[in-house]
Every structure is written in C-alpha cells, then in structure tokens.
Number of protein chains: 2
Amino acid sequence: MAGKVEARKAALREKLVDAAEIRIARDGAGALRARDLAQDAGCALGAIYNAFDDLNAIIMAVNGRTFRGLGAAVRASVEDADAEPPTRRLILMSNAYLHFAIANTNLWRALFDLQMTAEGPVPDWYLEALEGLFANIARPVGELFPGMGAEETGLMVRALFSSVHGIVLLGLERRISGVPPEQIETMIAQVLRQIGRS
Amino acid sequence: MAGKVEARKAALREKLVDAAEIRIARDGAGALRARDLAQDAGCALGAIYNAFDDLNAIIMAVNGRTFRGLGAAVRASVEDADAEPPTRRLILMSNAYLHFAIANTNLWRALFDLQMTAEGPVPDWYLEALEGLFANIARPVGELFPGMGAEETGLMVRALFSSVHGIVLLGLERRISGVPPEQIETMIAQVLRQIGRS
DNA sequence: ACTCTATCTTGAACCACGTTCAAAATACCG
DNA sequence: CGGTATTTTGAACGTGGTTCAAGATAGAGT
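### Describing the overall build of chain A
Link 1 in the chain: In terms of regular secondary structure, chain A is built from 11 helices and zero strands.
Link 2 in the chain: Along the three orthogonal principal directions, the C-alpha set of chain A runs to about 60 × 40 × 35 Å.
Link 3 in the chain: Looking at chain A as a whole, 49% of its 198 residues are labelled buried.
Link 4 in the chain: Accessible area of chain A: about 9600 Å², with a carbon and sulfur share of 52%.
Link 5 in the chain: Computed over 21 positive and 24 negative side-chain charges, the separation of the two mean positions in chain A equals 5 Å.

Structure follows, in structure tokens:
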C-alpha cells in the first residue's frame, strides 16, 4: 500500500476544500476560520498545515473550482449562439458572468480578493483561466473590429472584460450603487450595444 | 476653559487620521495596526477608542479625505474644457481618475474596500461624494444622448463610471492584467470613443 | 512477525491584533 | 481648595493564524 499516505492526504485536501467552499459561499472568504475548517473536515487544527501551506492556499484551491465553474458558465452561454451577431454574443456572455456573480457572490468575490492579501506571483492556472475567459471574448471582438491589429484587439478584449466586471462589481454592491440587480443587465447592454453599434 | 477638552479630542482625532493616512498610503488599509497608530499619534492604545468607535471609523475618516481629493482631481480635469466635445471630456475625467488611482493606489483602494468588512449602511457623505462624481459624468452623457430619458441616463452614467473603474481596477493589478499603466489610458479611450462615436 | 526509522497527526502553546476596562490622572465647578 | 465627572492609560481579554514537540502510524528490511 504505497499510495495510502498520498490517498489520505488527497482525501483530507478535498474535504478541506469542500468545507472551505461551503463556508466561503455562505460567509465570505474573510470569515473563513482555521478552527471551523478543522471541525468541518474532522481533522486536527494542525493537520490543515500539513495539507496546505496556509489558509490562503485553501482559498486559492476554492478559487480554482470557482474559476472552472465561471468559465463553464460563460462558455455555455454562447455554445449554441454561433449564428448570433457578435454584440449579442458579448451580451450573452456578460449576462452569464453577471448571473454567475449573483448566484455565487462570495465565491466570485474571493476570485478577485487575492489583491491586497498576498504579494507573491499569481499561480499559472489562475492566469490561464483568465486567458480562457479572454479567448471567449476575443472571437466576437475580432468580428466587430476586423481591421484592428492584434495588440489593439487584445487591449479591447481586456477593456471590455474589465468594464463588465466593473459594472457587475459595483452593481452588486447595493449599498453603493443603489441599483437593483435587474438594472445591471440593462447597464451592460447599454454599454455593449453602444460599443458594438456598427 | 470649556472647550479645552473638545480641542484636545479634535487634535487627537486629526493626528490619528494623519497617521492613518500615511500608513494606509504606504502599506494599504489592511496593514493598519492600532498599536502603530497610537505610537505615531503619541497617545495610548486605548485613547484611539476614545476618539473613534474603532479602526474602521479611522479608515472611513481617511476615505473622506481621499474622496475629496479624488473629486477635486476629476473636477479640475474638465474645469476649462467646456468647449471640448463630450467624449473628450469623459476621457479627460477618466484619465484624471486613473492618475489619481495610480498616484494614491492604496488610499484609492481603501475607498472601495468597505464592501466585505462592514455590514452597516454606508455613511451619507460617502454616497454624496459618489453622487458628486456621477454629476460630473452626467453632463457629457446628457450631451451625447440628448433623447435619452432621465432614468436611462442615470443608468448610463453609473455604467460608464463602473466601466472606467473596472478598467482602472484590473489595470492596476499588474499581476493579473499584465498590462503596463500606459496602456490603461488606451483601453479607456478605446471604450469611451466607441461609446461616444456619433 | 517484528523492529526501526521516517512521516504524519495532534492540540497545546505562541504570537499578533482589536478591543475593553478598572484604576490613575486630569479637568471642571462650587 | 475639595469634590465630582471625564479622560487617559496600558495591562488584560478574546480571537485567530501558525508552529512545534510529542505521540501515533506507516512502510521497509530482516
């Protein structure tokens, strides 16, 4: 039984990430407590630090799952929409982004919270997941601006993603924006339609 | 000497906010420590809680200053630009926003960090400051879309602000965006010019 | 099967931090 | 100047992430 240790460790890691996902989804990443996690996973407090470097590493593992789900949601929103005009596809993806953020607010927020906490480099899979999102946006943008150079197109893709992200981010902050969620779709459509208007 | 106590208290408050501003600007709001602050202000640890409810209240006081500075910077950017076309004025304001964020990254970040921490309502002055920013944007937007209803215009104003905010936010996160600061202006201009194109 | 060694697991302990509070100092009033 | 109210103080409390030495366990060699 050479892999027994490995298997136990992997099982513990999975239990910890499961528990962390549930807690982050319910209470936000800032409310994650090592002692709660140990209790949920049925392990000792110190065992967490055998499986992961620190709590942040667990949050990053949860972020990995979240990013996969987000990517799938965005991709699915345009899966059968090849025939739609590019602006329409951008709006479909943005709405998918919005509804993912609404349905998983705390998990989604954790994705962009690595900012102020950690200093170290962002893991590769994180950047790759982001590039995956950008790739979806790049197709309709390329159709909208056929004459645009590659570099400028890349900037436009990032600019559009950031714009939609900003609208969703502030829009979900009801206390600040004062805008009901239904109106967020309207704002996204306003901006994207103006941009895509030929 | 009836006002002596008041004056001392006010002086302490000011010293605390000064010290907090310096520390937040240098290390970020998350690195603010009550003990450091007490040392900087030359008061006892507990005295902080005589002057303010808690550390968050000090951060909010700093946010008040930051918001005033941000509002002034944005206003100044279009002060002598009445003759410019609306799109140009939107770009001027956005660039002012960007450069304020670049020059005061940590202070600017703190403005939008009240999200996950506190639950209570946002103070009135905060919402008013935000409305002040929106009012600046509303003028050029009104000129760009003369036929638009008041409600729709309001949404467009918020949508544009959120878009620029998103571009600046992710743009300054070099680790994520991989876009050099000079390119952020380009992204803003790309989006705003597309939207304002008549 | 039985060591023996390396590894894992455990939870008490450590440290940092926000916040509180009773005592000491100070201010204000008669 | 004496007495009361307020403020200031910093030690102490509670919480929470992380560590570590001791005990438990697994796998290899015989």
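### What about the relation of the copies chain B and chain A?
Link 1 in the chain: When chain B is fitted onto chain A, the two copies agree to an RMSD of 0.1 Å after a turn of 180° and an axial shift of 0.0 Å. Taken together, the turn and the small shift mark the pair as related by a two-fold rotation axis.
Link 2 in the chain: Comparing interface residues between copies, 100% of those in chain B also sit at the interface in chain A, which points to an isologous, same-surface contact.

### Topic: the nonpolar core
Link 1 in the chain: Core analysis: the largest hydrophobic core is formed by 96 residues, its most contacted members being Trp108, Phe161 and Val168 of chain A together with Trp108, Phe161 and Val168 of chain B.
Link 2 in the chain: The contacts of Trp108 of chain A, once residues within four sequence positions are left out, are Thr66, Tyr97, Ala101, His165, Val168, Leu169 and Leu172 of chain A.
Link 3 in the chain: Grouped together as the second largest cluster of nonpolar side chains are 22 residues, Ala38, Phe52, Ile58 and Ala110 of chain B included.

### Some details on the side chain of Asn95 of chain B
All names here are of chain B.
Link 1 in the chain: Take Asn95: it is sitting in helix H5 (residues 86-103).
Link 2 in the chain: When its relative accessible area of 15% is taken as the criterion, Asn95 is described as buried.
Link 3 in the chain: Sequence-distant contacts of Asn95, that is, excluding residues within four places in its chain, are made with Glu185 and Ile188.

### Focus on the pattern of salt bridges
Link 1 in the chain: Counted according to the given criterion, the structure contains 19 salt bridges over all chains.
Link 2 in the chain: If you follow the salt bridges from partner to partner, you end up with Asp18, Glu21 and Arg65 of chain A in one network.

### Re the side chain of Arg23 of chain B
Link 1 in the chain: Considering the arrangement of structural elements, one finds Arg23 of chain B in helix H1 (residues 4-27).
Link 2 in the chain: The residues contacting Arg23 of chain B, other than those within four sequence positions of it, are Gly28, Leu32, Asp36 and Asp40 of chain B.

### Digging into the interface of chain B and chain A
Link 1 in the chain: Of the residues lining the interface, 43 residues belong to chain B; the matching set on chain A comes to 43 residues.
Link 2 in the chain: When chain B packs against chain A, close to 3700 Å² is buried across both sides, 64% of that on carbon and sulfur atoms.
Link 3 in the chain: Applying the counting criterion to the chain B and chain A interface returns zero salt bridges.
Link 4 in the chain: For the pair chain B and chain A, the number of links is 11 residue pairs in polar contact (both at pLDDT 80 or more).

### Considerations on the environment of Ala129 of chain B
All names here are of chain B.
Link 1 in the chain: Relative to the assigned elements, Ala129 resides in helix H7 (residues 124-144).
Link 2 in the chain: The class of Ala129 is partly exposed, set by a relative accessible area of 23%.
Link 3 in the chain: Each C-alpha atom, one on Ala129 and one on Thr186, is 27 Å from the other, the two residues being 57 residues apart in sequence.

### A few points about helix H2 (residues 34-41) of chain B
An α-helix turns once every 3.6 residues. As a result, residues three or four positions apart point the same way.
Residues and elements named next belong to chain B.
Link 1 in the chain: Where H2 is concerned, the buried positions are Ala34, Leu37, Ala38 and Ala41. Angular distribution of buried residues about the axis of H2 spans 100°; they occupy a single face of the element. Every exposed residue of H2 that faces more than 90 degrees away from the buried side is listed here: Arg35 and Gln39.
Link 2 in the chain: Two residues or fewer past H2, Gly42 is found with a positive phi of approximately 65°.

### Examining helix H11 (residues 181-196) of chain A
Link 1 in the chain: In this model, H11 of chain A (16 residues) spans 23 Å end to end at C-alpha, consistent with the 22 Å of a helix rising 1.5 Å per residue.
Link 2 in the chain: Along H11 of chain A, the positions that sit buried rather than exposed are Ile184, Met187, Ile188, Ala189, Gln190, Val191, Leu192, Gln194, Ile195 and Gly196 of chain A.
Link 3 in the chain: Check the buried side of H11 of chain A and you find it contacts helix H5 (86-103), helix H8 (124-144) and helix H9 (150-172) of chain A together with helix H8 (150-172) and helix H10 (181-196) of chain B.

Definitions and cut-offs
Residues numbered from 1 in each chain as written. Chains lettered and ligands numbered in written order. Predicted model: local features only at pLDDT ≥ 70, side-chain atom pairs only at ≥ 80, totals over all residues. Heavy atoms only, no water. Helix = DSSP H or I, 4+ residues; strand = E, 2+ residues; numbered from the N terminus. Buried < 20%, exposed > 50% of the residue type's maximum accessible area, 1.4 Å probe, protein only. Areas by Shrake-Rupley, 256 points an atom, 1.4 Å probe, with all protein chains shown as cover. Lys, Arg positive; Asp, Glu negative; His and termini not counted. Charge placed at Lys NZ, Arg CZ, Asp CG, Glu CD. Least-squares fit on C-alpha atoms with pLDDT ≥ 70 in both. Contact = heavy atoms within 4.5 Å. Core = buried A, V, L, I, M, F, W, Y, C linked by side-chain atoms within 4.5 Å. Salt bridge = Lys/Arg side-chain N within 4 Å of Asp/Glu carboxyl O. Buried area = accessible area lost by both parts, 1.4 Å probe. Polar contact = N/O pair within 3.5 Å; in protein donor to acceptor, adjacent residues only side chain to side chain. Arc of directions from axis to C-beta. Expected span 1.5 Å × (residues − 1).

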